[in-house]
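Examining the three-dimensional arrangement
So you can see what is in the structure, the chains are spelled out below.
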Amino acid sequence: MLENSNGNLNGNQIHNNKEENEESHTNGENKETRYLDGSVRLRNPHIELMDQDILYHLALGSESHDLVEMFGDVKFVCMGGTPKRMESFAEYIMSEIGHRLPTGTQLMDISQYSYRYSMYKVGPVLSISHGMGAPSIGILLHEVIKLMYHAKCRDPIFFRIGTCGGIGLDGGTVVISDDASDGMMNKYYQVPILGKIVKRPAKLDKKLARELKALSTPEDLYDTVTGTTMCADDFYEGQGRLDGAFCDYTEAEKMEYLERLRSAGIKNIEMEATTFAALTHHAGIKAAVVCVTLLDRLKGDQVCTPKEVLVEWQLRPQILVARYIKRYLQTKGRISFDGHGSMCVKSPRRFKLVQQESQTFE
Ligand code: R2B
Ligand code: URA
């Protein structure tokens, strides 16, 4: 038997009435995705039956680590492409929320032994690199959503802070996605499962997008806009570039496609939005995508802005998300989070095994 009479899998009470808690969720599937206390409920009956759940690409495990102790206070999960950017974001959010590390300690990459993703924890904030493209962020999301479940995190909010190409927008513009579509303008993420194409709606939390937009200020020296984000499976041909190793279309055809995207309300192109939107939505997790444009795709394909300028531009989505996190913590009076967050080993033997497994295999 998978569930007790309450349909309860892990001892928490299940949401079984229509009353919403303080958080607004993105879908009408609360009962399937939340326990009464707001903690994440997995839509997978198999996990509870397993002896342990190894989060292989995070170098963590449900029986090797005390995940509740390590991550139980996480409220915000921020993801971005590169390990370096997410390390800098962790440092930045630490100063923004006034989080202090114990004397003599420093931020550590919790997933260093996975050699895949990097993960930093700063009080209630996780900062994680997701790599490039749908498969990479998809794998990460499966494991991070399970991490939320094992750690009993309540109503976590996920952000992707990234880079993109703008459509008719100057480089350095911040784009908040209120929708995500693929290269065929389908607003879902499709993935073959057991030989069938499964389509999952790529829905983002519109209220969260509006709240983020409201946090941009006239003093910002750049524009912040809201619109649909196109998610491609490729940087070159998949985004209509002329500068890949192959190109079988003309410049006029490229421009016609980009103009078509623009007419459909698409503001930017990147490579993870539909997967991120669909998997968070399927898990009932509030989520937003905030990206900075590195160039205007109507004017070119190559990213040729100087490195120092790109580095400054990449801070812009971080600044907006940090404003949201700060404001949230201030309004909840939850700016200090002591007692959680250090590496907490439950079983040294299993801990060693998880580290070895993650290190040994490709
Ligand atoms: C933005 O930038 C990367 C490609 O350069 C990709 O991960 C994305 O979405
Ligand atoms: N990332 C993308 O995927 N496309 C761009 O044009 C720039 C960054």
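This structure is a prediction, so every number in the text was calculated from the model and none was measured.

Concerning the site of ligand 1
Close to ligand 1 lie Gly81, Met132, Gly162, Thr163, Cys164, Phe235, Glu270, Met271 and Glu272, which account for all nearby residues. A total of three residues in the shell around ligand 1 trace back to one element, the largest contributor, which is strand S6 (residues 157–166). Here the shell around ligand 1 is built from residues that sort into four nonpolar, three polar and two charged.

Examining the UniProt feature "binding site: substrate" (unreviewed entry) in the protein
The sites that UniProt annotates as "binding site: substrate" (unreviewed entry) are Gln239 and Arg241. Its place among the elements puts Gln239 in the loop between strand S10 (224–231) and helix H6 (251–263). Beyond its immediate sequence surroundings of up to four residues, Gln239 is in contact with Gly165, Ala232, Asp234 and Ile269. One can find Arg241 in the loop between S10 and H6. According to the C-beta neighbour criterion, Arg241 is partly exposed, with 19 such atoms within 10 Å. Setting aside anything within four residues of it in sequence, one finds Arg241 in contact with Tyr236 and Asp301.

Description of the UniProt feature "binding site: phosphate" (unreviewed entry) in the protein
This chain's UniProt record puts "binding site: phosphate" (unreviewed entry) on Arg116, Arg160, Ile161, Gly162 and Thr163. Along the chain, Ile161 falls in strand S6. For Ile161, a count of 27 C-beta atoms within 10 Å translates into the label buried. Not counting residues within four places of it along the chain, the set of residues in contact with Ile161 comprises Cys78, Gly80, Phe89, Val290, Pro317, Gln318 and Val321. Along the chain, Thr163 turns up in strand S6. Discounting chain neighbours no more than four positions away, the residues touching Thr163 are Glu270, Cys291, Val292, Leu294 and Gln314.

Remarks on the site of ligand 2
Thr163, Cys164, Gly165, Phe235, Gln239, Ile269, Glu270, Met271 and Leu294 make up every residue found near ligand 2. At the level of secondary structure, the elements contributing two or more residues to the shell around ligand 2 comprise S6 and strand S11 (266–270). By residue number, the principal contributor to the shell around ligand 2 is S6, which donates three residues. Considering only residue class, the shell around ligand 2 consists of five nonpolar, three polar and one charged.

Thoughts on the pairing of strand S12 (residues 286–296)
Summarising burial for S12: nine of the 11 residues are buried, a large majority. Pairing between strand S7 (residues 174–181) and S12: three bridges, direction antiparallel. In the sheet register, Ile176 faces S12, and the bridge partner there is Val290.

Notes on unusual backbone geometry
With a phi angle near 55 degrees, Tyr115 is a residue other than glycine that sits in the positive phi range. Tracing the backbone through its elements, the reader meets Tyr115 in the loop between helix H3 (83–96) and strand S4 (119–122). Of note in this structure, Asp155 is not a glycine but carries a positive phi near 40 degrees. When you line up the elements, Asp155 lands in the loop between helix H4 (134–150) and S6.

Some remarks on H4
Between its first and last C-alpha atoms H4 spans 24 Å; for 17 residues at 1.5 Å apiece the expected length is 24 Å, and the two agree. In terms of burial, H4 is largely enclosed, as 12 of its 17 residues are buried. Every buried residue of H4 is accounted for by Ala134, Ile137, Leu140, Leu141, Glu143, Val144, Ile145, Lys146, Leu147, Met148, Tyr149 and His150. The inward-facing, buried residues of H4 contact strand S1 (54–55), strand S2 (60–61), helix H2 (67–71), strand S3 (76–80), strand S5 (125–129) and helix H7 (273–282).

Concerning the nonpolar core
Grouped together as the largest cluster of nonpolar side chains are 81 residues, with contacts concentrated most on Val77, Cys78, Ile128, Leu147, Phe159, Ala288 and Val290. No other element matches H4, which puts nine residues into this core. The residues touching Cys78, leaving out its near neighbours within four places in the chain, are Phe89, Val125, Leu126, Ser127, Phe159, Ile161 and Val321.

As for H6
Between its terminal C-alpha atoms H6 stretches 18 Å, which fits the 18 Å expected from 13 residues at 1.5 Å a residue. Just downstream of H6 lies Gly265, where phi reads positive at about 90 degrees.

Here's the deal with the pairing of S4
Going residue by residue along S4, you find Met119 and Lys121 tucked away on one face and Tyr120 and Val122 tucked away on the opposite face as well. In the sheet, S4 pairs with S5 via four bridges, with the strands oriented antiparallel. Its bridge partner being in S5, Val122 is matched across the sheet by Val125.

So, how was this worked out
- Residues numbered from 1 in each chain as written.
- Chains lettered and ligands numbered in written order.
- Predicted model: local features only at pLDDT ≥ 70, side-chain atom pairs only at ≥ 80, totals over all residues.
- Near = placed C-beta within 6 Å.
- Helix = DSSP H or I, 4+ residues; strand = E, 2+ residues; numbered from the N terminus.
- Nonpolar A, V, L, I, M, F, W, Y, C, P; charged D, E, K, R; others polar.
- UniProt positions renumbered as here; feature names shortened; annotations may be inferred.
- Contact = placed C-beta atoms within 7 Å.
- Buried ≥ 20, exposed ≤ 12 C-beta atoms within 10 Å, placed from the backbone.
- Pairing = 2+ DSSP bridges.
- Expected span 1.5 Å × (residues − 1).
- Core = buried A, V, L, I, M, F, W, Y, C linked by C-beta atoms within 7 Å.

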